[in-house]
Amino acid sequence: MKDITKMPRLFIQNILSLGKTIALTKEQSHYIRNVLRLTMGDFIRVFNGKDGEFLSSLTKSDKMCEITVQNLLKPQTISKGPWLFFSPIKKDRLSFLIEKAVELGVQKLIPVITERTIVRTFNIEKAHLSIIEASEQCERLDVPEILPFITLKDIFKTLKEPQRLYFCKERSDAPPLRSLSISPDSGILIGPEGGFADTEIAFLESSPQTQAVSLGDRILRAETAAIYALSQISS
Ligand code: SAM
């Protein structure tokens, strides 16, 4: 058998169990047949975020392909990654942020509108597809969730007690994030390009759930700040 790690990996919505035959979507069928040029009997790894990762083989190669689930490769594990609260940024940089956040183990992505947020809308459905693609690529067994936009005031309603919120505060004497021992499922908040307004900082710091943290002396762009913070938590 070929090297398993070289086999394509697909996220499937269906329940996965041994021997089950599953129809792929039109897009997945196109990818398997026309992009990867797989043929009958070729192997594909599949996962659905609930049942683990399975080896399957292509048992119908058509406009709508089918696979048959063969054996379990990895049992499902429960992931406990950070929740990233972020102020949306422009398209390419946002796609980069989302892809890297998934690779670094984020569990939920929550776009937050703040006073100085410039990008106030983006296609959540498209972002979800990028999240699936990144999860397939980095061999996660789960697919992080992206929530609809919230306002800064809703952050504490979204967090689950006793989850803490680590608020990345530039130009401050807050303790460095790397010096703290923090729970892997904590909330991390990254502000907009223009920074937080003073009233927003006061609001965030008035909550006992919040801890301001520094990411160092340099002022990082929002996507760098997010990646840096997440990598410190995942390490
Ligand atoms: N316009 C702001 C300024 O000049 O002070 C900079 C905002 S920065 C581009 C965007 C966000 O990244 C900030 O709101 C903060 O959450 C985070 N960030 C960037 N550098 C940081 C640092 N050194 N420490 C903590 N947070 C940082």
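Our structure's up above, just so we're on the same page.
Please read these numbers as outputs of a predicted model, since none were measured by experiment. (Residues numbered from 1 in each chain as written. Predicted model: local features only at pLDDT ≥ 70, side-chain atom pairs only at ≥ 80, totals over all residues. Heavy atoms only, no water.)

Trainee: Lay out unusual backbone geometry with the relevant residues and their values.
Mentor: A cis amide bond, omega 5°, links Glu-161 with the succeeding residue Pro-162. On the secondary structure map, Pro-162 appears in the loop between α4 (155-158) and β10 (165-168). With a phi close to 55°, Arg-37 is a non-glycine residue in the positive phi region. Relative to the helices and strands, Arg-37 is located in the loop between α1 (26-35) and β3 (43-47). Given a relative accessible area of 62%, Arg-37 falls into the exposed group. With a phi angle near 50°, Arg-171 is a residue other than glycine that sits in the positive phi range. Within the secondary structure, Arg-171 sits in the loop between β10 and β11 (187-190). (Helix = DSSP H or I, 4+ residues; strand = E, 2+ residues; numbered from the N terminus. Buried < 20%, exposed > 50% of the residue type's maximum accessible area, 1.4 Å probe, protein only.)

Trainee: Describe the nonpolar core, listing the residues and the values that go with them.
Mentor: In this structure, Leu-84, Leu-109, Cys-168, Ile-188 and Ile-190 are the most contacted members of the largest nonpolar core, which totals 29 residues. Those elements that place two or more of their residues in this core are β6 (83-86), α2 (91-103), α3 (124-138), β10, β11 and α6 (222-234). When residues of this core are assigned to their parent elements, the largest contribution, 6 residues, is made by α6. When near neighbours in sequence (up to four residues on either side) are disregarded, Leu-84 contacts Leu-97, Ala-101, Val-106, Lys-108, Leu-109, Ile-110, Ile-188, Ile-190, Ala-226 and Leu-230. In this structure, Phe-85, Ile-110, Val-112 and Leu-159 belong to the second largest nonpolar core, which totals 18 residues. (Core = buried A, V, L, I, M, F, W, Y, C linked by side-chain atoms within 4.5 Å. Contact = heavy atoms within 4.5 Å.)

Trainee: Can you explain the sheet that holds β3? Please cite residues and give values.
Mentor: Taken together, 5 strands build an open sheet; the order of strands is β1-β3-β4-β5-β2 and the sheet is mixed. Unpaired on one side and paired on the other, β1 (9-11) and β2 (21-23) mark the two borders of the sheet. Neighbour-to-neighbour, the strand axes of the sheet open up by a mean angle of 40°, direction not taken into account. Judged from the 5 bridges that link them, β3 and strand β4 (residues 53-60) form a sheet pairing that is antiparallel. The partner of Ile-44 across the bridge, within β4, is Ser-56. Its contacts with the sheet put α1 on β1, β3 and β4, and the angle it makes with β1 is roughly 170°. α3 contacts β1 and β3 of the sheet and is inclined by roughly 145° relative to β1. (Pairing = 2+ DSSP bridges. Axes fitted to C-alpha atoms, helices over the stretch in contact; angles between N-to-C directions.)

Trainee: So what's going on with the packing of aromatic side chains? Residues and values would help.
Mentor: Applying the stated criterion across every chain, the model contains 4 aromatic pairs. Judged by centre distance (5.5 Å) and plane angle (65°), the rings of Phe-11 and Phe-47 are edge-to-face. Taken as a pair, Phe-11 in strand β1 and Phe-47 in strand β3 lie far apart in primary sequence, 36 residues in all. We note that Phe-11, like Phe-47, is buried. A centroid spacing of 5.2 Å and a plane angle of 80° characterise the contact between Phe-167 and Phe-196, whose relative ring orientation is edge-to-face. Within this pair, whereas Phe-167 is found in strand β10, its partner Phe-196 is found in the loop between β11 and α5 (198-205), the two being separated by 29 residues in sequence. For the pair Phe-167 and Phe-196, a shared accessibility class is recorded, and that class is buried. The ring centre of Phe-47 lies 4.0 Å from the NZ or CZ of Arg-9, which sits over that ring. (Phe/Tyr/Trp six-rings, centres within 6.5 Å; stacked < 30°, edge-to-face > 60°. Lys NZ or Arg CZ within 6 Å of the ring centre and 35° of its normal.)

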